[in-house]
Amino acid sequence: MIVLAAEICGQRVTNLSDRPILEMQAHLGRAILDHGDELVILAAGESRRLLGAVLPEDCFLEFAASDIWIRDYAPIVGRQSCSFMYLPIHNSRRTGRTARIAQESRQPSADFRTFLCAYEAEAFTHSPLILEGGCFVCNDALDGPHIGLVSHRFVRNNRNFSNALLELQRLLDLDRLVALPEPGDASGHIDRTVAFLDPDHLLLQDVGTPARASRSRMDAILEALCIQLPRMEVTLLDSPAADDSAVGLYGSCIVTEHTIYLPHYGIEADIRAFDIIQSATKKTVVAVDASPVAHLCASLRCLSWQPDDSQSQALRCELTSSYRLRGREFNGKSNLNHETSRGETL
């Protein structure tokens, strides 16, 4: 299951084309359905009306998310899920206005936790450790070991906690947890740099500049992977992203059991990235335009959340109930069954 939090828009918006991010979310949702994955969209008001004109009724749950970057503040999923402290600004020495911003930054997480609790879809457990979804990736293995990756930023952010890595491994019920050297991202997000194409196959993208420092970072990450995960296959994508945007950022893809939703940006490097990734996996690679959010230094994975099995079932039950309450005939199956046109590929 893939969950999207729709962008909030005002009453004056009459067409999807007037809101590029909302239109992009509609295209992403369409691609998800077209390729056999289950979709839930959290939306309200005009956003719900506009998206409802182009996407099936049984995809929607009523929730006005204050932040579209749901990956960061939603529960983090390993073999089991856990809610962590969502605190993008977390320097304890800061006071005044900055501290107020830090407090406000927690609101999306608190609101979403309330929403999940209402539908009995809350995380398996909760922790005071500081961790955003973009700072963690997991191989989501159906069989075999569950492997998680974080950067050393996680250790620094939680230096007041003893054995933070071991505690994180326990909370998410992981077989292995590896802390990689800093990938060069200012936020400490690791999903700009690495993505599990398959449970035993990593994509590693060189995203940093300048070239000499970036190469040093990649060498350090590769060395750590070689030592910690010697059996892990690694595909290196040597395609640095822009300094001031996410244009050229291909590591921030959405990976499901059979499909990889790969961002593209209308640049020459799109085709090369698509070909390299498609040749590295048997999964279907689907290109989705991510340029409307690229200027915000974000891409597809940031816009999505993939809940665990129990959370998915709870949301699925709520979808069924909500659809029936709206007076529609619902066949008891998920929105996987909608007949749609094929998604965009390169």
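Rules of the game
- Residues numbered from 1 in each chain as written.
- Predicted model: local features only at pLDDT ≥ 70, side-chain atom pairs only at ≥ 80, totals over all residues.
- Heavy atoms only, no water.
- Buried < 20%, exposed > 50% of the residue type's maximum accessible area, 1.4 Å probe, protein only.
- Helix = DSSP H or I, 4+ residues; strand = E, 2+ residues; numbered from the N terminus.
- Arc of directions from axis to C-beta.
- Pairing = 2+ DSSP bridges.
- Axes fitted to C-alpha atoms, helices over the stretch in contact; angles between N-to-C directions.
- Contact = heavy atoms within 4.5 Å.
- Salt bridge = Lys/Arg side-chain N within 4 Å of Asp/Glu carboxyl O.
- 1 Å grid on protein atoms, 1.4 Å probe; cavity = no way out; pocket = protein on both sides within 12 Å on 5 of 7 lines; lining within 4 Å.
- Points joined across faces, edges and corners; volume = space filled by probe spheres on them.
- Nonpolar A, V, L, I, M, F, W, Y, C, P; charged D, E, K, R; others polar.
- Core = buried A, V, L, I, M, F, W, Y, C linked by side-chain atoms within 4.5 Å.

Those residues of helix 7 (residues 164-171) that sit buried are Ala-164, Leu-168 and Leu-171. Buried residues of helix 7, seen end-on, are gathered within an arc of 65° and therefore sit on one face of the element. Residues Leu-166 and Arg-170 are exposed on helix 7 and point more than 90 degrees away from its buried face. Immediately downstream of helix 7, the backbone of Asp-173 shows phi near 55°, a positive value.

What follows deals with the sheet that holds strand 9 (residues 176-180). Ordered by their spatial adjacency, three strands build an open sheet running 7-8-9, and the pairing between neighbours is mixed. Of all the strands in the sheet, the pair left with one neighbour each is strand 7 (136-138) and strand 9. In this sheet, neighbouring strand axes are inclined to one another by 20° on average, regardless of whether the strands run parallel or antiparallel. Against the sheet, helix 7 makes contact with strand 8 (147-151) and strand 9, and its axis sits at roughly 140° relative to strand 9, the strand it touches most.

So, about the pattern of salt bridges. A complete count under the given rule lists 10 salt bridges for this structure. The residue Arg-49 makes a salt bridge to Glu-46 at a minimum N-O spacing of 2.8 Å. On the criterion of helical spacing, the pair formed by Arg-49 and Glu-46 is a turn pair, its members being three residues apart in helix 2 (residues 45-52). Exposure remark for Glu-46: the relative accessible area of 13% places this residue in the buried category.

The subject of this paragraph is empty space enclosed by the protein. Tallied over the entire structure, the rule returns three cavities of 30 Å³ or more. The computed volume of the largest cavity comes to approximately 60 Å³. What lines the largest cavity is simply Tyr-73, Pro-75, Ser-83, Ser-109, Phe-112, Arg-113, Leu-116, Glu-122, Ala-123 and His-126. Here the lining of the largest cavity gets four residues from one element, more than from any other, and that element is helix 5 (residues 107-118). Taken together, the residues of the lining of the largest cavity break down into five nonpolar, three polar and two charged. Considered as a void within the structure, the second largest cavity measures approximately 40 Å³ in volume. As for the second largest cavity, its lining consists of Asp-72, Tyr-73, Ala-74, Pro-75, Ile-76, Cys-82, Ser-83, Phe-84, Met-85, Tyr-86, Ser-109 and Leu-131. Contributions of two or more residues to the lining of the second largest cavity are made by helix 3 (70-73) and strand 5 (81-85). Counted by class, the lining of the second largest cavity contains nine nonpolar, two polar and one charged residues.

Read across the open sheet, the three strands follow the order 10-11-12; overall the sheet is mixed. With partners counted over all chains shown, the strands left at the sheet margins are strand 10 (194-198) and strand 12 (233-237), one partner each. Averaged over neighbouring strand pairs, the angle between their axes works out to 30° when direction is ignored. Pairing of strand 11 (residues 201-205) with strand 12, which is carried by five bridges, proceeds in the parallel orientation. Looking across to strand 12, one finds that His-201 is bridged to Glu-233. Contacting strand 10, strand 11 and strand 12, helix 9 (residues 269-280) crosses the sheet at an angle of about 170° to strand 12.

Within the largest apolar cluster, 53 residues are counted, with the highest numbers of intra-cluster contacts made by Ile-41, Tyr-261 and Leu-300. Take this core: its biggest share by element is eight residues, from helix 1 (residues 20-34). Excluding residues within four positions of it along the chain, Tyr-261 makes contact with Ile-2, Ala-31, Ile-32, His-35, Asp-37, Cys-253, Ile-254, Thr-256, Val-286, Val-288 and Leu-300. If you look at the next biggest cluster of nonpolar residues, it comprises 21 residues, including Val-3, Phe-63, Trp-305 and Ala-314.

Taken by themselves, the reported measurements are silent on function.
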